[in-house]
Every structure is written in structure tokens, then in C-alpha cells.
Amino acid sequence: MGSVVSSARDPRANLALRLAGALALVLAVVVAAPLSAQPTESRPLVAFLGPVSGPNAEIGQRAWRSVAMATADYPGVAVERFDTAEDPAAAAAEAIAAGAVALLGPIGELESRAVIATLPTGSPPLFLLAGVDGLEDPSRGVYRLRTSPADQAAALVAFVEDQWASEAPPTFAVLAPEDGYGREAALTFVDEAGGGGGTTLRAAFYEVDEPDVGAAVEVLAGTQSVRLAPPADPWRTPPRTRLSDGGDRERPDFVFVPDFGPQIAAILPHLRFARWLTDSADTSVSLLGLSGWASEALESVGDLAAGARFTQVFDMDDLRGIAEGYALEYRVRFDEDPTDFDAQTRDAAAFVLEAVVAAVGDPSADAVENAAIGRGPFGGVCGDMWISASGGVTRDIGIWEVDGAGRRYPVTVLHPTPPQR
């Protein structure tokens, strides 16, 4: 993971609701306005693939304004929208036919998979805005520029192991939602923890947005165990699971919960009831999470979240100058605060546009791809970023902590070691 240098949410949630805000007139102006007065034909073309119409239009339009914000710094490059709302593959084909030297997007996992499945040989590089690990494939020119739950989980394990002072290796438990986001984060966390010498004692999963996660917490705490109940006639009835009393009650050093603020606030009282959260740091399990923890909802559970550590790619309260400057500009232009999604989209667009400029002597798709994967760290508002050998994005990731009032503050920034190009 590299050195840890001290300094002073999502693909699964209903993003359309979370990203809803004051788009109104200012968004209409940004979307409608041309990016430059220069004719597109005289400049290399970058195609933005996103749902700018249909039921997910608000997501796509929000991403588009972040792309437009980055494009203002690169007048020598043309950027056009290609709507993925009805047929993502057709939108990509249209962009390729228009002569795009790079494709930026799509945003969602399903539309990304649809585009990847139909990419013809020799197509321009595809730089995904979907934050799902494993979509990337460098052999086909497919790269991912948005940080995934797996990326954050791996960074969190590296931080914990770097800070761990005991001679005995740390022990963990995992409590996660039963969906793609939770599974990706949980499995990566367990793999990384085991690779670093730690031990995951137990893992429990619960249904997404389930109001009562008590049963899952009981399994996690060892007061209940899950047992297989074979049917009387296996040819007619599938096997099922049932809860029974008792189980392994060994308490771990850390419990990892990759979910979002409101659900975290509902989970923590259950952990308190299971006596995993106490008034003493010596007897309380330490809490770990991902960027979804950055929520005012934690203030509703008082000091139950105190001391929790979680990852954060971008935050409005980030003390780094470039992040503060970006947040101020975003507020002035759009009259609202930028989200993690906005910041990562802006950085992804700037990263691709920078690669196009670097290939200005030969603005072909191959030259742009080589410039993108062969460059050193690119300084964005979320910190330094580059494309890893596996085709995913590697970037600085912040570690934040929750205080006794449920408010968050920055602890450190993890700086991965850049590759030797």
C-alpha cells in the first residue's frame, strides 16, 4: 500500500435521491451552454457516456456538469454527450463513429457492462465512472477511474495494520448489507486482513435497508448461530437456514461495517446491546467503515460511534488547499456543496483530458491510452491518482474519525506509492 503520511458514499444507495438538489436554472445553463466556441472538428473529441435523459437523467446531468467544469481548463479538446438512457451500447457506438479518441463513462454498473460487452476491437479507451471493482480490463482498453468499495476496504486494512501496536495480530468481524456493495467491501476486507496476518472471526450479512438487523448482530456476537436445516424431501423442498442459541462469542478487536449513515445509526444500538460497544475503550470493539459513514445521521446516536475510523475520498471539510478551492468554486457556480461523486467525476474528466493534451502531437486513441496509463500521479481535487497495472484507479484516500458528538474530522491521508513508469 505504501507509506502512511499524516495530515491535519454510492453505488448501491438510491443515488438519484441522494444526488437530488438545486439543479434547476443553473444546471440548465451548464447543460445547454457550449463548452467552447471552437468547432469540434478541429479538436480531438472526448465522448461522455451518461444518462442525460430518462429516469436517471439527474445523475447523468450532474455528472455532465462536473465534466463541463473540468473541460473549461482544456479548450483544445472537444467534449460531447452521448445519451446512454435507452441503449448504452448504441451510445458508445455513436461516439466511436463520431471519431472520439476516448470514452468517459458510463456511470452505472449495468450500462457499463453493456458497453464493455459490445466494444469492438480497436475501439478508443474506455474510462469508466462506475465505482465497481472488476469491471476494468486493460487488455481491452477498459479502465476504471472511480474508487470502489474494494479499493477503500483495502486501504482501511492497510491503515489498521500500520497503526496496530500489539504483538498479537488484530482480529476482525464483518457486518455488511447483502448486496453488491456490501459483498465487494466485505470480501476484499477479509482477503486483505488475512493477507496481512489478521484473522476475521465472523461475518454476518443483513438485507439492504432492513430496519431491524438484530438477528445479524446476534450471529455476529455469537449469541445465535446459523445452522442448515435440511428438508424432509430434498427433491421437493430446498434446504434452509435457521438460528439456534449459542455460538462463538470471542470478541474481535475491530468490527467492519460497510454501510451508510442512517443504517449505521440503526446498527450501533444493537452492537451496544451485544456489549461490543461499552463506555470503556479497553472493552469496546473499535468500529471501521467506508465513506458512507460521512453522515449527519451519526449525531443521532450520541457517543456510540465515538472513535470509529472510516475512509473518505473527498469531503467538504478536507483541509487540503486544492480540495477547498474546488469546493468554493462549486458552491459559487451551482449554489450547493459538491459530493464525493462530483469530485471524483471532475477528477476523472480532468485526468482523461490531460491525457489527450499529452498526446497532442498524435491525438489518436492509442496515443491517448498510452498517455493515460503511462503517466505519473495526476493531482486532482481528491488527491493524487493514477491507473494501476490492473486497470483500476489508485489514489490518495483520507482516514477520518468520529468524535463523541457523532461529528467527523480528518486524521490522516494514505498516500500509495506511485509505480515506476
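Predicted, not measured: the structure shown is a model, and the values here were computed from it.

(A) Region of interest: the overall build of the protein. Scanning the protein from terminus to terminus reveals twelve helices and 18 strands. A total of 421 residues make up the protein; the buried ones form 51% of that total. Surface summary for the protein: the accessible area is close to 18100 Å², and the carbon and sulfur share equals 52%.

(B) Here's a closer look at the pairing of strand E12 (residues 286-289). When strand E11 (residues 254-256) meets E12, the two strands line up parallel, connected through three bridges. The partner of Phe256 across the bridge, within E12, is Leu288. One ladder, built from two bridges, connects E12 with strand E13 (residues 309-312); its direction is parallel. Paired with Gly289 across the bridge in E13 is Phe310.

(C) Representation of the packing of aromatic side chains. Following the criterion strictly, the structure yields eleven aromatic pairs and no others. Aromatic rings pair up to connect Trp164, Phe172, Phe189, Phe254 and Phe256 into one cluster. The side chain of Arg183 reaches across the aromatic face of Phe205, ending 3.8 Å from its centre.

(D) Main features of the nonpolar core. With 37 residues, the main nonpolar core has Val46, Phe48, Leu104, Phe127 and Leu145 as its most contacted residues. Sorting the residues of this core by element identifies strand E2 (45-50), helix H3 (57-71), strand E4 (102-104), helix H11 (340-358), helix H12 (365-374) and strand E15 (383-387) as the ones contributing at least two each. With nine residues, H11 is the largest single contributor of residues to this core. Leave out the neighbours within four places in its chain, and Phe127 touches Ala102, Leu103, Leu104, Gly105, Tyr143, Leu145, Val352, Ala372 and Ile387.

(E) Focus on the packing of helix H6 (residues 149-163) against helix H7 (residues 180-195). At their nearest, the axes of H6 and H7 sit 8 Å apart, and the two run at 35° to each other. The crossing of H6 and H7 is right-handed. Residues Pro149, Ala150, Ala153, Ala154, Leu156, Val157 and Glu161 of H6 form the contact with H7, whose own contacting residues are Tyr181, Glu184, Ala185, Thr188, Phe189, Glu192 and Ala193. Of the residues contributing to the contact of H6 with H7, the split by class is ten nonpolar, one polar and three charged.

(F) How the structure looks around H6. If you check H6, its first and last C-alpha atoms are 21 Å apart, about what 15 residues at 1.5 Å a residue would give, namely 21 Å. The buried fraction of H6 amounts to eleven of the 15 residues, a majority that puts the element mostly inside the structure. Of all the residues in H6, the buried ones are Pro149, Ala150, Gln152, Ala153, Ala154, Ala155, Leu156, Val157, Ala158, Phe159 and Val160.

(G) Representation of the sheet that holds E15. Here three strands make up an open sheet; going across it, the order is E14-E15-E16 and the pairing antiparallel. Only two strands of the sheet have a single partner each, and these edge strands are strand E14 (378-380) and strand E16 (393-395). If you compare each strand with its neighbour and ignore which way they point, the axes differ by 35° on average. Of the pairings in the sheet, the one linking E15 to E16 comprises three bridges and is antiparallel in character. Across the sheet, residue Ile387 finds its bridge partner in E16, namely Val393.

(H) Layout of the environment of Gly383. One can find Gly383 in strand E15. In this structure Gly383 comes out as buried when scored by relative accessible area, which is 9%. For the pair Gly383 and Arg395, spaced twelve residues apart in the sequence, the C-alpha separation amounts to 6.6 Å.

(I) Expanded view of the sheet that holds strand E6 (residues 142-144). Read across the open sheet, the five strands follow the order E3-E2-E4-E5-E6; overall the sheet is parallel. Each edge of the sheet is formed by a strand with only one pairing partner; in this case those strands are strand E3 (78-83) and E6. Pairs of neighbouring strands in the sheet enclose a mean axial angle of 25°, with direction left out of account. For E2 and E3, the ladder comprises six bridges, and the chain directions are parallel. Pairing of Leu49 across the sheet is with Phe82, part of E3. Contacts from H3 reach E2, E3 and E4 within the one sheet, and its direction differs from that of E3 by about 170°.

(J) Representation of the confidence of the model for the protein. Taken over all residues, the pLDDT of the protein has a mean of 86, while the share at 70 or more is 83%. Contacts of residues 1-40 to residues separated by more than four positions or lying in other chains number 87 contacts, the stretch itself having pLDDT below 50.

(K) Region of interest: the pattern of salt bridges. Enumeration over the complete set of coordinates arrives at 15 salt bridges. We note a salt bridge from Arg113 to Glu109, for which the minimum N-O separation is 3.1 Å. Placement of both Arg113 and Glu109 in helix H5 (residues 109-117) is noted, with a separation of four residues, approximately one turn of the helix. A relative accessible area of 33% means that Glu109 is categorised as partly exposed. Notably, a salt bridge pairs Asp133 with Arg144, separated by 3.3 Å at the nearest N-O pair. Placement of the pair is Asp133 in the loop between strand E5 (126-128) and E6 and Arg144 in strand E6, with a sequence separation of eleven residues. Judged by relative accessible area, Arg144 falls into the buried class, the value being 1%. Among the ionic contacts, a cluster of salt bridges with common partners joins Arg62, Arg65, Glu336 and Asp342.

The rules we used
Residues numbered from 1 in each chain as written. Predicted model: local features only at pLDDT ≥ 70, side-chain atom pairs only at ≥ 80, totals over all residues. Heavy atoms only, no water. Helix = DSSP H or I, 4+ residues; strand = E, 2+ residues; numbered from the N terminus. Buried < 20%, exposed > 50% of the residue type's maximum accessible area, 1.4 Å probe, protein only. Areas by Shrake-Rupley, 256 points an atom, 1.4 Å probe, with all protein chains shown as cover. Pairing = 2+ DSSP bridges. Phe/Tyr/Trp six-rings, centres within 6.5 Å; stacked < 30°, edge-to-face > 60°. Lys NZ or Arg CZ within 6 Å of the ring centre and 35° of its normal. Core = buried A, V, L, I, M, F, W, Y, C linked by side-chain atoms within 4.5 Å. Contact = heavy atoms within 4.5 Å. Axes fitted to C-alpha atoms, helices over the stretch in contact; angles between N-to-C directions. Left-handed = near helix turned anticlockwise from the far one by under 90°. Nonpolar A, V, L, I, M, F, W, Y, C, P; charged D, E, K, R; others polar. Expected span 1.5 Å × (residues − 1). pLDDT = per-residue confidence, 0-100. Salt bridge = Lys/Arg side-chain N within 4 Å of Asp/Glu carboxyl O.

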